[in-house]
Amino acid sequence: MSLSEKLDSSKNKLNDIKIMVLGDAVIDRFTVVEPEGISREAPIPAMNIKKEYFRLGASFNAAKTLLNLSVKPIYITAVGSDPEGDHFIEETKKELPDAVIVVDKKKKTDSVYRVHSNGYLLLWAEKSSKKGLSKEAESSIIDSFMKMIDEAKVIIVSDHARGFLNKNIRDAVSLNAKKKKIPVLINGRPENVHLYSGADYLRMNREDAIKLTGISPLNSTSYRNMALKLSSATGVENVLITWLEEGFFGLRSESFFKVDPLSLKFSNLGGIGDAIVAFLAVFLSLGFSFEESSKLSYYAASLRAMGEKEKGSFFEKLVNFVSKNDVK
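This structure is a prediction, so every number in the text was calculated from the model and none was measured.

1. Description of helix α4 (residues 135-148)
Reasoning step 1: Taking 1.5 Å of rise per residue, 14 residues should cover 20 Å, and α4 covers 20 Å from first to last C-alpha, within 8% of that figure.
Reasoning step 2: Taken as a whole, α4 has its buried residues at A137, E138, I141, I142, S144, F145 and M148. One side of α4 holds all its buried residues, which, seen down the axis, span an arc of 160 degrees. Along α4, the residues that are exposed and aim more than 90 degrees away from the buried face are K135, E136 and K147.
Reasoning step 3: At its buried positions, α4 is contacted by β1 (18-38), β3 (72-80), β4 (100-104), β7 (154-158) and α5 (167-179).

2. Section: helix α10 (residues 314-325)
In an α-helix, one full turn covers 3.6 residues, which means residues spaced three or four apart are oriented alike.
Reasoning step 1: Here α10 spans 16 Å end to end across twelve residues, near enough to the 16 Å set by a 1.5 Å rise per residue.
Reasoning step 2: All of the buried residues in α10 are F314, F315, L318, V319, F321 and V322. Seen from one end, α10 has its buried residues packed into an arc of 165 degrees, which puts them on one side.
Reasoning step 3: The inward-facing, buried residues of α10 abut α1 (3-10), α8 (272-285) and α9 (290-305).

3. A look at the packing of helix α2 (residues 59-68) against α8
Reasoning step 1: Running from N to C, α2 and α8 point in directions that differ by 45 degrees, and their axes come no closer than 8 Å. Taken together, the axis directions place α2 and α8 in an arrangement best described as oblique. Classified by chirality, the crossing of α8 by α2 is right-handed. Residues S59, N61, A62, T65 and L66 of α2 pack against D274, A275, A278, F279 and V282 of α8.
Reasoning step 2: In terms of residue class, the contact of α2 with α8 is made up of six nonpolar, three polar and one charged.

4. Some details on the packing of aromatic side chains
Reasoning step 1: For the structure shown, the criterion picks out twelve aromatic pairs.
Reasoning step 2: Ring geometry for Y201 versus F290: centroids 5.1 Å apart, planes at 55 degrees, classification tilted. With Y201 in strand β9 (residues 201-205) and F290 in helix α9, the pair connects residues that are 89 residues apart, well separated along the chain.
Reasoning step 3: Exposure remark for Y201: the relative accessible area of 12% places this residue in the buried category.
Reasoning step 4: With centroids separated by 6.3 Å and ring planes inclined at 20 degrees, the aromatic side chains of F249 and F256 adopt a geometry described as stacked.
Reasoning step 5: Among the aromatic residues, ring-to-ring pairing joins F248, Y298, Y299 and F321 into one connected group.
Reasoning step 6: Here the basic side chain of R55 rests over the ring of F30, its NZ or CZ set 5.1 Å away from the ring centre.

5. What to know about the nonpolar core
Reasoning step 1: In terms of nonpolar packing, the biggest core is built from 59 residues, with L7, I19, F88, V282 and F283 touching the most fellow members.
Reasoning step 2: No other element matches the eleven residues that α8 contributes to this core.
Reasoning step 3: Setting aside its immediate chain neighbours within four residues, L7 contacts F283, F288, L296, F315, L318, V319 and V322.
Reasoning step 4: Core analysis: the next-biggest nonpolar cluster, separate from the first, contains 43 residues, A78, I142, A227 and F249 among them.

6. Describing the environment of E91
Reasoning step 1: Checked against the element boundaries, E91 lands in helix α3 (residues 83-95).
Reasoning step 2: The buried category is assigned to E91, whose relative accessible area is 18%.
Reasoning step 3: Taking the C-alpha atoms as reference points, E91 and R224, 133 residues apart in sequence, are found 41 Å from one another.
Reasoning step 4: E91 has contacts with F54 and L56, leaving out every residue within four places of it along the chain.
Reasoning step 5: Looking at E91, its side chain comes within polar contact range of the side chain of K94, at 3.0 Å.

What counts, and where the lines are drawn
Residues numbered from 1 in each chain as written. Predicted model: local features only at pLDDT ≥ 70, side-chain atom pairs only at ≥ 80, totals over all residues. Heavy atoms only, no water. Helix = DSSP H or I, 4+ residues; strand = E, 2+ residues; numbered from the N terminus. Expected span 1.5 Å × (residues − 1). Buried < 20%, exposed > 50% of the residue type's maximum accessible area, 1.4 Å probe, protein only. Arc of directions from axis to C-beta. Contact = heavy atoms within 4.5 Å. Axes fitted to C-alpha atoms, helices over the stretch in contact; angles between N-to-C directions. Parallel < 35°, antiparallel > 145°, perpendicular 65-115°, else oblique. Left-handed = near helix turned anticlockwise from the far one by under 90°. Nonpolar A, V, L, I, M, F, W, Y, C, P; charged D, E, K, R; others polar. Phe/Tyr/Trp six-rings, centres within 6.5 Å; stacked < 30°, edge-to-face > 60°. Lys NZ or Arg CZ within 6 Å of the ring centre and 35° of its normal. Core = buried A, V, L, I, M, F, W, Y, C linked by side-chain atoms within 4.5 Å. Polar contact = N/O pair within 3.5 Å; in protein donor to acceptor, adjacent residues only side chain to side chain.

Written as structure tokens, this is what we have:
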């Protein structure tokens, strides 16, 4: 049976899957501008604001991807006691009314600001305290996790190194998931590799993997060495290094594999890392191997990055896309 046929035969199982997502909450704000000459106050371009909008980012991207695939997300995150936190709660509850959003009175809700013009990023700024959780918030998160862990088939930890993940939460997740034989997937960052032991799978993008390992990705051998070094640094046996333009590179218990890239143009890369780990969790839940799940996640992420929305017929489009592009 081909990979697309196996995928097609599994689609009826999607509604029966529940996947837990824990991680950082971020509000992404976007401003689109057009130049209107030179400022009268300084020798800089004067810009006219054409559009402003926001998106809920970080861990919400993983939960949203699951929701759009008709997979039930169990979502746990934390925000600050501030207007941004109120906004995050209000918008999240519209789509995920059962989400657990802990309000931490000692924390600020992270926001990232981007200014674009003619498709180019002009300015990137953030509001973040980079502060960890209070003991009260940490306890609430662990209590919620313990109450709902039995519902989850897979657990995703969406770590953006913004203070959500710490040793106590890591231990609660990894030890209890191991007891219940629930796989844990980490969407990881170099800053927090010391917190990833006990996980079953780690996804990291190429640039962060380079930063952590110091290895330049010249060929498959260098990617293999990069994956081995990531595995050694984190204690995670199954590692996936992702970069849509170059393909995916995976390590399963020291066995290396590559998902070859497709010659495509990508226009929507926002939140792609969390989308990839959500896709990976879904395919693993459906019974695909790590290598098969990585390949399917590459195809799904490519389809999304080309502008296809996950809603509605996305799964059917994915089956057709895999059928046309999967090379044996």
